[in-house]
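# Geometric and topological summary
Given next are the chains, with one letter for each unit.
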Amino acid sequence: MPCEAAPETSVDDLEGDLAGALPGRLPADLRAELIAFRRDLHMHPELGHREFRTTAALRARLEKAGLRPRTLASGTGLICDIGRSRPGASRRPVLAFRADLDALPIPDTKQVPYRSTVPGAAHACGHDVHTTVVLGTGLVLAALAEEGLLPHPVRLIFQPSEEVLPGGALDAIEDGALDGVGRIVAVHCDPKVEVGRIGLRTGPITSACDKLEVALDGPGGHTARPHLTTDLVTAAAKVATEVPALLARRIDTRAGLAVTWGRLEAGHAANVIPQRAELSGTVRCLDIDAWRDAPDLVHAAVDEVAAMHRAKSQITYIRGVPPVVNDGEIAGLLGRAMTARRGAGAVEDTQQSLGGEDFSWYLERVPGAMARLGVRPVGDSKARDLHRGDFDVDEGAIQVGVELFTAAALLDRNQM
């Protein structure tokens, strides 16, 4: 695949005034192909651990470019290395680019030609964009490697099942995704950031996220005689409202510990007090130390509130993911790469969010950074938030992501 390279620029002279000077910009034909590839993924979303079609499409395109991807042992997801160390150069850990493949179990409500064809499934978190960006990065860098313009080998990691706690990152890591890797980067679509820009920060950029399931049991009965029963509907309502309030008084508010419920079920008839009620939700936390203490704190709070209403509680606390904590040096690399492509004004500060991301598992093992990739059309004020059926992106973000990553590969001078 041809790449636009400035002949006067060598990999030994890539620092300095780089805007418009780096090789690896996205050719028009490849840009069009990547948009079509993203739309195909969007029309055929696959849930976690089922990304077989997506994996096959990626493998076919990478092999067409002369690369040798390896499918993960789980059957979905790929690892693909690009480039070789220069003769005489010391072997060093490679820079990895990570994408996630899975969709969400929600219906696509958009009226667009590339709307999901799979009932109840949609790429409502931008993983189709992440995947296409890393594919495009691999195709451009493979062409640069053939021209001798890729200074160091890189790795592409196409990871399954990010949306299923504790995340497919752990499966990829167990299968060797980080073997030989010294640094790792990723992007995540951000509908609050305009296309052509990225959001960056050093330190935590997402929160920890766990899953909480609570079952309440007790003798039910007639609604005419609640005093003879355990009123589980009231007990469940109190757990839903009082547990978050109680936790807010038992931990430093700066830790950002938040319990948010997504499901509450109790009863089947208006005149029957049920014998069981169930709640499920998430526990999110900005601080990693508080995250480690969260299971004990949540258990104690739920038990205390349930006991006040004579309900027996059963708690299932499912560990999810720690916060994504960006390494300052690698966040700086992404900032320099974006500045080289689009100028310093294309990089903006961003805040830590309460969203969870299993990219954090990679950063527990090697330094790395995640950037927020702007996907909001310029001048568009319409809300298209993540995890909604109407979520969509300005597809110009694909080119921005590819050029960000290719610049990072060319500017990466860390010898580790």
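Residues numbered from 1 in each chain as written. Predicted model: local features only at pLDDT ≥ 70, side-chain atom pairs only at ≥ 80, totals over all residues. Heavy atoms only, no water.

Right, let's get into the overall build of the chain. Each helix and strand in the chain was counted, giving nine helices and 16 strands. Relative to the globule expectation of 22 Å for 416 residues, the C-alpha radius of gyration of the chain, 24 Å, shows essentially globular dimensions. For the C-alpha atoms alone, the extent of the chain along its principal axes is close to 85 × 45 × 45 Å. A buried classification covers 53% of the 416 residues belonging to the chain. Sequence-distant contacts, at least 24 apart, represent 81% of the contacts inside the chain between residues at least 6 apart. When the 46 basic and 56 acidic side-chain charges of the chain are each reduced to a single mean position, those positions are 2 Å apart. (Helix = DSSP H or I, 4+ residues; strand = E, 2+ residues; numbered from the N terminus. Rg over C-alpha atoms; globule rule 2.2 N^0.38 Å. Buried < 20%, exposed > 50% of the residue type's maximum accessible area, 1.4 Å probe, protein only. Contact = heavy atoms within 4.5 Å. Lys, Arg positive; Asp, Glu negative; His and termini not counted. Charge placed at Lys NZ, Arg CZ, Asp CG, Glu CD.)

Every regular strand shows the same layout, with side chains that alternate between the two sheet faces. By the criterion of burial, strand 5 (residues 181–194) is predominantly enclosed, with 12 of the 14 residues buried. The pairing of strand 5 with strand 16 (residues 368–376) spans eight bridges and is parallel. Bridge pairing links Val-185 to Ala-369 in strand 16. (Pairing = 2+ DSSP bridges.)

So, about the sheet that holds strand 5. The sheet built from eight strands is open, its strands ordered 1-2-4-3-5-16-6-15 with mixed pairing. Edge strands, defined here as strands with exactly one partner in the open sheet, are strand 1 (70–71) and strand 15 (347–349). The pairing of strand 3 (residues 94–100) with strand 4 (residues 154–159) spans six bridges and is parallel. Across the sheet, the residue bridging to Leu-95 is Val-154, located in strand 4. Packed on one face of the sheet, helix 2 (residues 52–64) meets strand 1, strand 2 (78–82) and strand 4 and runs near 15° to strand 2. Against the sheet, helix 3 (residues 127–146) engages strand 2, strand 3, strand 4, strand 5 and strand 16, with an angle of about 145° to strand 3. (Axes fitted to C-alpha atoms, helices over the stretch in contact; angles between N-to-C directions.)

In this structure the tally under the stated criterion is two aromatic pairs. Seen in terms of ring centroids, Phe-97 and Phe-405 are 4.9 Å apart; in terms of plane orientation they differ by 45°. Their pairing is tilted. Of this pair, Phe-97 sits in strand 3 while Phe-405 is found in helix 9 (residues 396–411), placing the two residues 308 residues apart along the sequence. Each member of the pair Phe-97 and Phe-405 is classed as buried. Seen in terms of ring centroids, Phe-359 and Tyr-362 are 5.8 Å apart; in terms of plane orientation they differ by 50°. Their pairing is tilted. Remark: Tyr-362 and Phe-359 occur in helix 8 (residues 359–363); sequence separation between them is three residues, near one turn of the helix. Classification of Phe-359 by relative accessible area gives buried; the value is 0%. Over the ring of Trp-291 we find Arg-319; its NZ or CZ atom is 4.0 Å from the centre of that ring. (Phe/Tyr/Trp six-rings, centres within 6.5 Å; stacked < 30°, edge-to-face > 60°. Lys NZ or Arg CZ within 6 Å of the ring centre and 35° of its normal.)

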